[in-house]
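# Geometric and topological summary
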Amino acid sequence: MITLRNNNLTMEISEVGAEIHSLYNTQTDVQYIFDGNPVFWPRHTPLLFPVTGPLADGTVEAKGKTYTMPVNGFARDLNFKTTQEKPYEATFVLCSDDRTRAFYPFEFSLTVTHTLFENGYTSKAVIKAEEQLYCTFGWHPAFSLNMNGNDAPLESYYVQFEKKESADRLYPVNGVFARQERFLDDQDILKLTREEMDKGPIVLNGLKSRYVSLKSRNGKAGVTIDRGELPTLVIWTKEKVDAPYVCVEPMYSFQDATRKRDLSEMEGMMHLKAGESRTFSNTFTVF
């Protein structure tokens with residue numbers, strides 16, 4: 001575990017998945033990241049690569065062969081190599097090897113840098129193609145509802161958009177998207193309710209807002225997310241149980257199990273030629 005710290009915040013990062021496990025404000029005694037209690041969900045802030053979302057039969061096709069692919073990809077479960085460590089910043093890299101080729105027959109590197117600031121952090125991912133490849137990417141941070149104390153349930157939280165939004169909502173039913181038309185209807189506030197969250201992830205595309213915030217009516221703590229160049233936003237918590245977290249996830253794409261199986265034809269994938277790279281940098285500001 002790598003620890004970063006400054007005057008206000010302490011961050012703990014695991015080499016497994018380059019995953020942030022803790023973001024704690026030492027001045028206010030606020031923990032922003034879900035603790036990964038396996039009763040609810042055994043993760044904290046996983047990154048998603050090279051796929052996101054459900055797959056038909058849990059498989060993909062590439063280079064004429066069929067490969068088993070975990071939901072949301074394999075990178076979150078593999079050890080990254082720590083290549084740089086400073087008091088306020090750490091860099092991790094995952095390079096293609098026998099572990100990755102069992103799922104994904106492409107040569108690549110995925111470099112992740114977490115930089116701690118006085119009021120939050122920036123996570124940057126650089127995907128470099130050593131050969132022509134197809135992939136997608138996303139951040140999947142789980143924020144603790146207890147950042148505002150034990151009397152701040154899910155229903156006290158809301159997502160505030162930078163601009164008024166009108167958008168349909170997609171959510172998977174048995175792996176296939178259903179659509180709620182005009183789920184957002186010229187509004188900049190989305191109140192979170194158990195009824196809506198129990199349907200599954202809230203998948204939003206075509207938003208105008210670059211910045212979205214998670215806030216609670218029962219306290220002052222929250223987080224603002226700079227979506228950067230990640231056009232899809234997913235909001236999720238575990239269904240049918242009072243899990244003490246909510247995920248607000250900027251993603252490149254999030255598709256359902258009806259998509260084509262071949263990665264070169266799969267909807268929502270980015271195409272990188274040999275030698276090309278793509279960078280996603282997203283800042284999470286806490287208050």
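Refer to the preceding data block for the structure.
Below is a short write-up of the structure. Note that the coordinates shown come from a computational prediction; the quantities given were computed from them, not determined experimentally.

It is worth spelling out the sheet that holds strand 3 (residues 19–25) at this point. Judged by pairing direction, the sheet is antiparallel, and its 4 strands sit side by side in the order 1-2-3-4 without closing on themselves. Of all strands in the sheet, those with a lone pairing partner are strand 1 (2–5) and strand 4 (30–31), marking the two edges. Pairing of strand 1 with strand 2 (residues 9–14) involves 4 bridges; the strand directions are antiparallel. Of the residues in strand 2, the one forming a bridge with Ile 2 is Ile 13.

In the structure shown here, the tally under the stated rule is 0 disulfides. Of the cysteine sulfurs around Cys 135, a residue in no disulfide, the closest is that of Cys 95, at 14 Å. Exposure remark for Cys 135: the relative accessible area of 0% places this residue in the buried category.

Along the chain, the position of Thr 91 falls in strand 9 (residues 89–95). Thr 91 sits in the buried class, given a relative accessible area of 8%. For Thr 91, the contacting residues outside a window of four places in its chain are Lys 81, Thr 82, Thr 83, Gln 84, Thr 111, Val 112 and Thr 113.

Here the focus is the pattern of salt bridges. A full pass over the atoms with the stated rule returns 14 salt bridges. Of the charged contacts, one joins Lys 63 and Glu 131 as a salt bridge, the two residues approaching to 2.9 Å between their closest N and O atoms. Remark: Glu 131 occurs in the loop between strand 11 (120–129) and strand 12 (133–135) and Lys 63 occurs in the loop between strand 6 (59–62) and strand 7 (65–68); sequence separation between them is 68 residues. A relative accessible area of 51% means that Lys 63 is categorised as exposed. Lys 208 is the salt-bridge partner of Glu 165, the closest N and O atoms lying 3.7 Å from each other.

Residue position: Asn 8 is located in the loop between strand 1 and strand 2. Judged by relative accessible area, Asn 8 falls into the partly exposed class, the value being 25%. On a C-alpha basis, the gap between Asn 8 and Phe 284 in space is 15 Å, while along the polypeptide they are 276 residues apart. With residues up to four places along the chain from it excluded, the contact list for Asn 8 reads Tyr 24, Asn 25, Thr 26, Gln 27 and Glu 118.

Conventions used here
Residues numbered from 1 in each chain as written. Predicted model: local features only at pLDDT ≥ 70, side-chain atom pairs only at ≥ 80, totals over all residues. Heavy atoms only, no water. Pairing = 2+ DSSP bridges. Helix = DSSP H or I, 4+ residues; strand = E, 2+ residues; numbered from the N terminus. Disulfide = S-S within 2.5 Å. Buried < 20%, exposed > 50% of the residue type's maximum accessible area, 1.4 Å probe, protein only. Contact = heavy atoms within 4.5 Å. Salt bridge = Lys/Arg side-chain N within 4 Å of Asp/Glu carboxyl O.

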